[in-house]
Amino acid sequence: MSQLVLDKLKERFGTAILETHSQVGDDTALVDAASWKAVSLFLRQDPALDFDLPVDLCGVDYPTRVPRMEVVMHLYSTSRRHRIRLKARVGDEDMEGAEIDSVTSIWPGMDWLEREVYDMSGVRFRGHPDLRRILMYPEFEGHPLQRTYAAERTQPLVPYRTEEEAGMPLRKIEPFGPEEGMPFGRVPPPHPEDN
Amino acid sequence: MEPLDVELEAGELELPADPMHLNLGPSHPAMHGTVRIVLELSGETIVRSDVQIGYLHRGFEKMCERGTWTQVFPYVDRLNYISPMLNNVGYALAVEKLCGLVVPERCQWYRMALGELARLSDHLTCNGAMAMELGAFTPFLWFVKAREMIWDILEEETGARLTHSFGRIGGMASPPTQDFKGLCRAALPPILELVEEGERMLLKNRIFIDRLENVGAISGPDAVGLGWTGPCLRATGVAYDIRKVHPYLKYDEVDFDVPVGTKGDTLDRFLVRLGEIRQSKRILEQVLDRMPDTGPVNCDDPAVVLPDKLDVYTTIEATIQHFKLIMEGAKIPKGEVYSYTEGGNGELGYYLVSDGSGTPYRVRIRPPCFQITGGLSKILEGRMLSDIVPTFGSLNMIGGECDH
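The structure presented is a predicted model; accordingly, all values stated were derived computationally and were not measured. (Residues numbered from 1 in each chain as written. Chains lettered and ligands numbered in written order. Predicted model: local features only at pLDDT ≥ 70, side-chain atom pairs only at ≥ 80, totals over all residues. Heavy atoms only, no water.)

(A) The overall build of chain B, seen in detail. What chain B contains, in helices and strands, is 18 helices and eight strands. At 24 Å, chain B has a C-alpha radius of gyration in line with the 22 Å of a compact globule built from 404 residues. For chain B, the proportion of its 404 residues judged to be buried stands at 59%. Sequence separation of 24 or more characterises 71% of the internal contacts of chain B that already satisfy a separation of 6 or more. (Helix = DSSP H or I, 4+ residues; strand = E, 2+ residues; numbered from the N terminus. Rg over C-alpha atoms; globule rule 2.2 N^0.38 Å. Buried < 20%, exposed > 50% of the residue type's maximum accessible area, 1.4 Å probe, protein only. Contact = heavy atoms within 4.5 Å.)

(B) Representation of the overall build of chain A in the model. When helices and strands are counted, chain A shows four helices and seven strands. Counted from the first residue to the last, chain A has its helices and strands arranged as α-β-β-α-β-β-β-β-α-β-α. For chain A, buried positions account for 48% of its 195 residues.

(C) Region of interest: a negative patch on the surface. Where like charges cluster on the molecular surface, the negative patch consists of B:Asp152, B:Glu155, B:Glu156 and B:Asp179. Assignment of secondary structure puts B:Asp179 in the loop between β5 (171-172) and α7 (180-203). (Patch = residues over 30% accessible without salt bridge, like charges linked within 9 Å, V, L, I, M, F, W, Y side chains within 5 Å. Areas by Shrake-Rupley, 256 points an atom, 1.4 Å probe, with all protein chains shown as cover. Salt bridge = Lys/Arg side-chain N within 4 Å of Asp/Glu carboxyl O. Lys, Arg positive; Asp, Glu negative; His and termini not counted. Charge placed at Lys NZ, Arg CZ, Asp CG, Glu CD.)

(D) Fine view of the side chain of A:Arg85. With respect to the element layout, A:Arg85 can be found in strand β5 (residues 83-90). Polar contacts involving the side chain of A:Arg85 include one to the side chain of A:Thr28, which spans 3.1 Å. For A:Arg85, the side chain forms a polar contact with the side chain of B:Glu336, separated by 3.4 Å. Filtering out sequence-adjacent residues up to four positions away, A:Arg85 remains in contact with A:His21, A:Asp26, A:Asp27, A:Thr28, A:Ala29, A:Val72, A:Met73, A:His74, B:Glu336, B:Val337, B:Tyr338 and B:Tyr351. (Polar contact = N/O pair within 3.5 Å; in protein donor to acceptor, adjacent residues only side chain to side chain.)

(E) Quick look at a nonpolar patch on the surface. Together, B:Leu306, B:Phe323, B:Ile326 and B:Met327 make up an exposed nonpolar region whose accessible area comes to about 410 Å². Looking at where B:Ile326 falls in the secondary structure, it is placed in helix α14 (residues 316-327).

(F) Spatial organisation of the interface of chain A and chain B. Contact residues are listed per partner, giving 42 residues for chain A and 41 residues for chain B. Roughly 3600 Å² is buried in total at the junction of chain A and chain B, and carbon and sulfur atoms are behind 56% of that figure. On inspection of chain A and its partner chain B, the count reaches eight salt bridges. The salt bridge partner of B:Glu65 is A:Arg147, with a shortest N-O separation of 3.3 Å. Applying the counting criterion to the chain A and chain B interface returns 27 residue pairs in polar contact (both at pLDDT 80 or more). Those elements that provide at least two residues to the side of chain A that touches chain B are β3 (53-61), β4 (69-76), β5 and α3 (110-121) of chain A. A total of nine residues in the side of chain A that touches chain B trace back to one element, the largest contributor, which is β3(A). Class assignment for the residues of the side of chain A that touches chain B results in 23 nonpolar, eight polar and 11 charged. (Buried area = accessible area lost by both parts, 1.4 Å probe. Nonpolar A, V, L, I, M, F, W, Y, C, P; charged D, E, K, R; others polar.)

(G) Main features of the layout of surface pockets. Roughly 660 Å³ of internal volume is contained in the largest pocket. A:Leu135, A:Met136, A:Tyr137, A:Phe140 and B:Gly54 are the residues nearest the centre of the largest pocket, which is lined by 31 residues in total. Sorting the residues of the lining of the largest pocket by element identifies α3 of chain A together with β3 (45-52) and α2 (60-64) of chain B as the ones contributing at least two each. Broken down by element, the lining of the largest pocket gets its largest block of residues, four residues, from α2(B). The residue makeup of the lining of the largest pocket, split by class, is 16 nonpolar, six polar and nine charged. (1 Å grid on protein atoms, 1.4 Å probe; cavity = no way out; pocket = protein on both sides within 12 Å on 5 of 7 lines; lining within 4 Å. Points joined across faces, edges and corners; volume = space filled by probe spheres on them.)

(H) Structural view of helix α4 (residues 84-99) of chain B. All names here are of chain B. Given a rise of 1.5 Å per residue, 16 residues ought to cover 22 Å, and the 23 Å separating the end C-alpha atoms of α4 matches this to within 8%. Of all 16 residues in α4, 14 are buried, a share of seventy percent or more. Backbone geometry just after α4 places Gly 100 at a positive phi near 75°. (Expected span 1.5 Å × (residues − 1).)

(I) Quick look at the packing of aromatic side chains. Residue and element names in this part refer to chain A. Throughout the structure, instances matching the rule amount to 15 aromatic pairs over all chains. Centre to centre, the rings of Phe 140 and Tyr 149 are 6.1 Å apart; their planes meet at 25°, and the pair counts as stacked. Residue classification places Tyr 149 among the buried positions, given a relative accessible area of 8%. Ring pairs connect the aromatic residues Tyr 137, Phe 140 and Tyr 149, which therefore count as one cluster. (Phe/Tyr/Trp six-rings, centres within 6.5 Å; stacked < 30°, edge-to-face > 60°.)

(J) View of the confidence of the model for chain B. Mean pLDDT over chain B stands at 89; residues scoring 70 or higher make up 96%. Scoring the predicted complex yields pTM 0.89 and, for the interface, ipTM 0.88. (pLDDT = per-residue confidence, 0-100.)

(K) Main features of the nonpolar core. A:Leu9, A:Trp36, A:Leu43, B:Ile53, B:Phe180 and B:Trp228 are the most contacted members of the largest nonpolar core, which has 170 residues in total. Here this core takes 12 residues from helix α5 (residues 105-133) of chain B, the largest share from any one element. Among residues more than four places away in sequence, those in contact with A:Leu43 are A:Val5, A:Leu9, A:Leu49, A:Asp50, A:Phe51, A:Leu75, A:Ile84 and A:Leu86. (Core = buried A, V, L, I, M, F, W, Y, C linked by side-chain atoms within 4.5 Å.)

(L) The arrangement of α3(A) in detail. Residue and element names in this part refer to chain A. With 12 residues, α3 extends 15 Å from end C-alpha to end C-alpha; this agrees with the ideal 16 Å at 1.5 Å per step. Counted residue by residue, α3 has 11 buried out of 12 residues, so it is predominantly covered. Listed as buried for α3 are Met 110, Trp 112, Leu 113, Glu 114, Arg 115, Glu 116, Val 117, Tyr 118, Asp 119, Met 120 and Ser 121. Positioned one or two residues after α3, Gly 122 has a phi angle of 85°, which is positive.

(M) Quick peek at the packing of α4(B) against α5(B). All names here are of chain B. Running from N to C, α4 and α5 cross one another at 140°; their axes reach a closest spacing of 8 Å. On the basis of their axis angle, the class for α4 and α5 is oblique. Counting all contacts with α4, which are made through Met 85, Leu 86, Val 89, Ala 92, Leu 93 and Glu 96, the residues of α5 involved are Arg 111, Leu 114, Gly 115, Ala 118 and Arg 119. A per-class count over the contact of α4 with α5 returns seven nonpolar, one polar and three charged. (Axes fitted to C-alpha atoms, helices over the stretch in contact; angles between N-to-C directions. Parallel < 35°, antiparallel > 145°, perpendicular 65-115°, else oblique.)

(N) Focus on the sheet that holds β3(B). Residues and elements named next belong to chain B. The antiparallel open sheet is built from three strands, whose spatial order is β1-β2-β3. The open sheet terminates on both sides in strands that have one partner only, identified here as β1 (20-24) and β3. Within the sheet, the average angular offset between the axes of one strand and its neighbour, ignoring direction, is 20°. Of the pairings in the sheet, the one linking β1 to strand β2 (residues 36-42) comprises five bridges and is antiparallel in character. (Pairing = 2+ DSSP bridges.)

(O) Representation of the confidence of the model for chain A in the model. Residues of chain A with pLDDT of at least 70 account for 87%, and the chain-wide mean is 85. Per-element confidence in chain A ranges from a low mean pLDDT of 78 for helix α4 (residues 163-166) of chain A to a high of 94 for β4(A).

(P) Seen up close, the sheet that holds β5(A). Residues and elements named next belong to chain A. Sheet architecture is open: five strands sit in the order β1-β2-β5-β4-β3, paired in mixed fashion. The two strands at the open ends of the sheet, each matched to only one other strand, are β1 (17-21) and β3. The average angle at which neighbouring strand axes cross in this sheet is 20°, direction not considered. Examined bridge by bridge, β3 and β4 share eight bridges and lie antiparallel to one another. Looking at the pairing, Gly 59 lines up with Val 71 of β4. Contacting β3 and β4, α3 crosses the sheet at an angle of about 10° to β3.

Here is the structure:
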C-alpha cells in the first residue's frame, strides 16, 4: 500500500525525489531541500495520501558528507494508515547554509520539533514563527547533536544578569555573608573596634 | 473608629489594565514534572502562555552514540521512568526490526505481560497524581498502593523496582520466574478493587467532575495536527491505538477494546486511562493463559545474544563470543529503521541509524510527551489559571521523556 505513496511522489515531483528505498518495510524518500515544503504540502493535501499526523522530525549528522545534515521527518496518516519517512540534506562542512523551509503552517505539531532540531542539530527553519532553543538554555554555545560537538566539551558559566539587563532591582543576597550563616571554617572579619 | 469604606478619588480606583505576567514553575507544588509556564494573564484568564521544557535534559541521544547497542537499555529506562519496561521492549523491537530478528513465542508473551503491567502503573500514577493535585489525596494513595503491587511483581522478575534494564536485543535478560503467573493472577483482583474504590470516590465527587469537565478540550483533527497520540488523542474520539491498528508482538491474537472519549477534555482523558486499566487487565489475563511455561526466551543467534553462562566459563568459543559481544557490541546491519510501539502516553518511536558497527550511529527517540506538551499552550488559552493544574496533570508529561 505504501509503495503507492512513493510512486505518487515520483510521478508528481520527478527529479526533486532524489532517492527512494523501503528498507525493512519503511518507505523512505530523499527529497531536494528546495522542494521540502512543496512535497510536505502535497503529502498533507492529496486525498489519497492524507498524512495528517506529524510523527517525528530529527537531524542526523554526517560530517564527512556534503551536504552534511540530514533532516528526517516521519509522517503517518490516521485515515489511510500508512507511513512515510521524508529526508532532505542541508548545510556544508561548517553547517553554512543549513536552512530549510518550516512546515509549521502545514502541521502545527512541527513547531516544537523544528525548535528541537534547531537546538540540537543547528538547522535553521525558514518561516518558523518562534525559532529559539527548546531543551537548552539561550546562552548555550553550539549544537550538541552535531557529531563534531565533543561529548566531553564543557560550557562557559552564564554570568548573572545585571540590573540593567533585568530591568528591575535584583537584590541578590550574598551567600554566607560575613554577618550571617554558619561561622565554622570561615575566618571572621576583624571587628572594627579591635584595630 | 474610622469607617472602612474610605472615600477615594475616581482615578485611584482604576485597576491596572495591562496583562499580568506570572511564572509557574519550574518547580511548583501543584504540578508534577519540571516545566515552566510563563503566563500572560488578564484577570484570571490566560491570554497567552509559553511552555518551557528542558529542565531534565540529560543528553540521552548523545550518550547513546558512545556505547554499544545493548548499553542503551539503561538509558531508555530513565526516559519514561513510570513505565520503563515499555521503553525497554520498544527499543529492543526497534533493533530487532533492523536485524530482521523475531524473538521466540514465549518471549513475545512475556514482553506483552511485562509491558501491560508497566502500562497499568503508568495510568495509575497519572490518574492518581492528577487527583492529588486537585486535593484528593486518598485516591492517590490507593492508586499508588495498586502501583506498588505491580512494582513488587516487576521487582521479583527483574530485581529492580523502577529501572529494570531488563530488555535485551533478541530476548530478555532472564526467563520468567516460576511464580510469575501466580503473582500476577494474585495481584490483579486487588489492584482492580483499589482502582474501582478510587474511581467511585472521584467520579461521584461533584467538585472533581466540575474541575475536569469541559476543561482543556481539544478536537480530534486539532489533536492529530499537533502530533498527539495515546490516551490524550483517544480522548478526542480518534481510535488510534498501535496495538490495534498496527499490532506487534502478539497483540493481534488477544481480545481487547480501545476506549475512546468524545469531547477530548480532561475528564475524557481521565476516563480513557481508567478504561485502559481495565483493558490491560483483560490483555494480561489472556497473556497469562497463553504464555508457555517452557521453551526458549532468547533468540538462537550468537551474533547478538550472549552465550549461556556455563558455556562461557567452560568453553573457549563461548568465552570469546561473550568477550566480543561485551567489548565490541553486537554488530547491527547497516541501515535505518523507525519502529513504533504503544507506550504509556502514546506512540513511542525509535529511529535508529546504524553504520554496521557495534555502536549506534544515531538513536532518536520519539517521546509521545514531547508533542503532547507542545500542544499544552493551545488548550490553555482562554482558560482560567486554576485550570492549568488538572489540564497539565491529565497530559501526563514525563520530564525524562519529554526533555530527552
